[in-house]
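Each chain, letter by letter, is given below.
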Amino acid sequence: METNALTPALLQTLRRHQPHPVVSVSMPTHRREPDNAQDAVRLRNLLAEAGRRIDADESVSRQSRVGLKAQLDRALADVDLRRSLDGLVIFAGTDEHQVWVLPRPVPERVVVSDSFLTRNLVAAKAQAIPFWVLVVAADRSTLWHGSGERLREHRGNGFPVTPEELDNDVQREQRVGDVAGTFRDEETRRYLRTVDSTLAAVLAAEPRPLYVVGLPPALSLLEDVGTATRDAVGKVLSGGLVDGPASELYRQLEPSLSDFQRRAAERTADRLNAARGKRRFAAGLDEVWESVREGRVALVAVEEHFQQTVRIEEGHLVPLDPALPHPSGNGVREDIVDELVELALDGGAEVVFVPDDMLAGHSRIAADLRY
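So, a few notes on the structure that sits alongside this text. (Residues numbered from 1 in each chain as written. Predicted model: local features only at pLDDT ≥ 70, side-chain atom pairs only at ≥ 80, totals over all residues. Heavy atoms only, no water.)

This part covers the overall build of the protein. For the protein, the count of helices and strands is nine helices and 16 strands. Taking the principal axes of the C-alpha coordinates as reference, the protein spans close to 80 × 55 × 35 Å. Within the protein, the proportion of its 371 residues that are buried is 47%. Pairs at least 24 residues apart make up 66% of the contacts formed inside the protein by residues separated by at least 6 positions. Here the protein contributes 46 positive and 58 negative side-chain charges, whose respective centroids are spaced 1 Å apart. (Helix = DSSP H or I, 4+ residues; strand = E, 2+ residues; numbered from the N terminus. Buried < 20%, exposed > 50% of the residue type's maximum accessible area, 1.4 Å probe, protein only. Contact = heavy atoms within 4.5 Å. Lys, Arg positive; Asp, Glu negative; His and termini not counted. Charge placed at Lys NZ, Arg CZ, Asp CG, Glu CD.)

Right, here's the structure in full:
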């Protein structure tokens with residue numbers, strides 16, 4: 001399964017507490033040779049470790065052990081490492097399993113608990129914010145749907161857009177960027193007004209970040225005759241991409257996509273700083289945990305790879321060394337960060353994963369409070 005399959009309903013199902021222990025396995029993977037040669041061995045080792053954890057947990061019944069190991073074996077058979085992206089997550093219960101392929105690195109972990117470890121899916125989904133890409137040429141404009149690293153042409157809602165009539169002159173057949181004069185006649189201005197109004201209707205119905213692609217004469221005139229592209233979050237000054245292919249179009253977009261993510265992280269930092277000034281700020285696991293449980297959190301920002309094993313004592317979190325064995329129960333939570341994220345989402349808070357070390361001064365996790 002891939003990130004776009006993660007619906008709110010499915011996420012809620014995965015986060016539900018289970019009557020029997022369930023297993024979550026995650027590991028980083030590689031897309032290309034020779035690095036991906038190691039993935040199969042590492043995966044088998046992780047699943048073997050999961051088997052040992054199941055056998056060592058005395059709270060797991062013999063029937064549950066048999067079911068969990070059988071589902072892990074089936075999951076291993078279902079994994080196709082030839083189609084790997086950057087991360088792999090396996091969930092296994094006594095009678096079901098799921099294999100998730102993610103476009104982002106994940107830590108190597110094995111967790112046996114009473115619910116699945118969903119934070120990697122939530123982070124991947126948050127990273128894969130849907131966006132639109134408008135590609136403009138003199139004789140055709142196309143709209144593309146983007147999510148994560150995937151692009152596909154959107155056909156419908158008036159797209160693709162073409163001029164009503166095309167001059168048969170050879171010079172008129174040349175595309176944008178080849179001849180700047182192509183964008184001087186009134187017919188082209190009418191065509192780009194149609195592009196603008198068609199795009200505006202799509203954005204009104206389904207607002208998303210917008211990227212525009214074309215050479216300067218096209219994009220300049222499009223802004224001159226309309227308003228839909230003026231708030232675009234990124235521009236790529238390149239011609240010849242109206243028909244893709246998707247892989248090349250994404251390659252050209254990558255710098256703009258990375259810049260958008262960087263600016264999003266900066267906006268999160270600014271929001272947290274503003275919250276500190278208004279005394280609506282919480283930092284550190286225990287403080288954020290308490291605020292989440294009280295329903296006071298509007299936004300939680302957590303570093304991507306922050307995790308912590310704790311024991312809950314009198315409503316507070318006592319950190320434990322994750323390298324040491326800790327018996328299940330007795331208030332021990334192997335990854336309290338995942339549980340905190342789930343509680344925040346249930347309470348209607350926004351959850352943002354930020355680059356590692358961005359919150360080093362706030363113990364890796366911080367929150368903007370509603371009050």
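As enumerated under the stated definition, the model contains three aromatic pairs in all. On the numbers, 5.5 Å between centres and 75 degrees between planes, the contact of Phe131 with Tyr211 is edge-to-face. Taken together, the residues Phe131 in strand 5 (residues 131-136) and Tyr211 in strand 8 (residues 210-214) connect sequence positions 80 residues apart. Accessibility classification places Phe131 together with Tyr211 in one group, the buried group. Judged by centre distance (6.4 Å) and plane angle (75 degrees), the ring pair of Tyr211 and Phe260 falls under edge-to-face. (Phe/Tyr/Trp six-rings, centres within 6.5 Å; stacked < 30°, edge-to-face > 60°.)

A few words now on the nonpolar core. Trp100 and Val300 are the most contacted members of the largest nonpolar core, which totals 37 residues. With five residues, helix 9 (residues 336-346) is the single largest residue contributor to this core. When neighbours within four sequence positions are excluded, Trp100 is seen to be in contact with Met1, Glu2, Ala5, Leu6, Leu10, Leu14, Gly87, Leu88, Val89, Phe91 and Leu121. By size, the runner-up hydrophobic cluster in this structure holds 21 residues, among which are Leu143, Leu192, Val195 and Leu210. (Core = buried A, V, L, I, M, F, W, Y, C linked by side-chain atoms within 4.5 Å.)

As enumerated under the stated definition, the model contains 28 salt bridges in all. Note that Arg82 and Asp80 form a salt bridge whose closest N and O atoms lie 2.9 Å from each other. According to the relative accessible area criterion, Arg82 is exposed, its value standing at 74%. Connected via shared salt-bridge partners are Arg140, Glu153, Arg155 and Asp243. (Salt bridge = Lys/Arg side-chain N within 4 Å of Asp/Glu carboxyl O.)

Here we come to the sheet that holds strand 3 (residues 97-102). Each strand in a sheet pairs with another by means of backbone hydrogen bonds, the pair being arranged parallel or else antiparallel. Pairing is antiparallel in the open sheet, where four strands are placed in the order 3-2-1-4. Only two strands of the sheet have a single neighbouring strand rather than two, namely strand 3 and strand 4 (109-113). Looking at each pair of strands side by side, their axes are set apart by 10 degrees on average, direction ignored. As defined by bridge partners, strand 2 (residues 87-92) adjoins strand 3 across six bridges and the pair is classed as antiparallel. By the bridge assignment for strand 3, Gly87 is matched with Leu102. Together, strand 1 (22-28), strand 2 and strand 3 form the strand contacts of helix 4 (residues 119-127), whose direction differs from that of strand 3 by roughly 40 degrees. (Pairing = 2+ DSSP bridges. Axes fitted to C-alpha atoms, helices over the stretch in contact; angles between N-to-C directions.)

Okay, unusual backbone geometry next. Between Phe159 and the following residue, Pro160, the backbone shows a cis peptide bond with an omega angle of 0 degrees. Relative to the elements of secondary structure, Pro160 occurs in the loop between strand 7 (150-154) and helix 5 (186-205). One non-glycine residue with positive phi stands out, namely Arg364, at about 80 degrees. With respect to the secondary-structure elements, Arg364 resides in the loop between strand 15 (350-354) and strand 16 (365-369).

Right, let's talk about the environment of Ala246 for a bit. Relative to the elements of secondary structure, Ala246 occurs in helix 7 (residues 246-277). Sequence-wise, Ala246 and Gly158 are 88 residues apart; in three dimensions their C-alpha atoms are separated by 20 Å. The residues touching Ala246, leaving out its near neighbours within four places in the chain, are Trp144 and Leu151.

With respect to topology, four strands assemble into an open sheet ordered 10-16-11-15, the strand pairing being mixed. The open sheet is flanked by strand 10 (281-283) and strand 15, the only strands paired with a single partner. Along the sheet, successive strands turn relative to each other by an average axial angle of 20 degrees, direction set aside. Pairing analysis gives five bridges linking strand 11 (residues 297-303) to strand 16, with the strands arranged antiparallel. For Val300, the partnering residue across the bridge sits in strand 16 and is Ala367. Running at roughly 145 degrees to strand 15, helix 9 makes contact with strand 11, strand 15 and strand 16 of the sheet.

Attention now moves to the pairing of strand 11. The element strand 11 is extensively covered by neighbouring structure, given that seven of its seven residues are classed as buried. Across five bridges, the pairing between strand 11 and strand 15 is parallel. By the bridge assignment, Ala301 is partnered in strand 15 with Val352.

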